[in-house]
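Commentary on secondary and tertiary structure
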Amino acid sequence: MIIIVPQIIARGFCAVTIYPFVILKNQESKNDVVLLNHEYIHLRQQKELFWAFFFLWYGIEYLIRLIYYRNRYLAYRNISFEREAYHHEFDLNYLQNRKLFGFLRFL
Ligand SMILES: [Zn+2]
C-alpha cells in the first residue's frame, strides 16, 4: 500500500518501506517505477523475514558495515537488503523470478 508522508522520510531519501506500507516523500514518486520496484523488493524481504527479523537484521548489519566502512552512506548501501534492491531495481520482472531469501546472495 503506497502512502505519502513526507515528514517521516529522512533527508536525502525518497521513500521508506515498512510492511505493508511503501511511504513516499511526494506524489511524483508514485510514477517512479524504479523507486517503487526497489521498495517492493524490500516489501518481499520484510515478508520473508516476518517483518521484525528484517529490521533486527538490517540494524545489526548496518552497525557491522558502519564499523567496517566508517561511513554512514557506504554502510547503508552495503547492507545485503540494499545491495539486492539496488542491484535489481531496474529489472521490473525481478520479483517474479526471485528465489526465497534472495538477499543472502548479497551478504
Ligand atoms: Zn532500499
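Section: the packing of helix H1 (residues 33–48) against helix H4 (residues 80–88)
- Look at H1 against H4: their axes get within 9 Å of each other, and the N-to-C directions meet at 140°. By the angle between their axes, H1 is oblique relative to H4. For the pair H1 and H4, the sense of crossing is right-handed. Between H1, through His38, Ile41, His42 and Gln45, and H4, the contact on the second element is made entirely by Phe81, Glu84, Ala85, Tyr86 and His88.
- A class-by-class count of the residues in the contact of H1 with H4 yields four nonpolar, four polar and one charged.

A closer look at the sheet that holds strand E3 (residues 21–24)
- With mixed pairing, three strands are arranged side by side in an open sheet as E1-E3-E2. Whereas interior strands pair on both sides, the edge strands pair on one side only; in this sheet they are strand E1 (2–4) and strand E2 (15–18). This sheet shows a mean twist of 25° between the axes of neighbouring strands, independent of strand direction.
- Taken together, the four bridges between E2 and E3 define a ladder with antiparallel strand orientation. Bridging across to E3, Thr17 finds its partner in Val22.

Procedures and definitions
Residues numbered from 1 in each chain as written. Predicted model: local features only at pLDDT ≥ 70, side-chain atom pairs only at ≥ 80, totals over all residues. Axes fitted to C-alpha atoms, helices over the stretch in contact; angles between N-to-C directions. Helix = DSSP H or I, 4+ residues; strand = E, 2+ residues; numbered from the N terminus. Parallel < 35°, antiparallel > 145°, perpendicular 65-115°, else oblique. Left-handed = near helix turned anticlockwise from the far one by under 90°. Contact = placed C-beta atoms within 7 Å. Nonpolar A, V, L, I, M, F, W, Y, C, P; charged D, E, K, R; others polar. Pairing = 2+ DSSP bridges.

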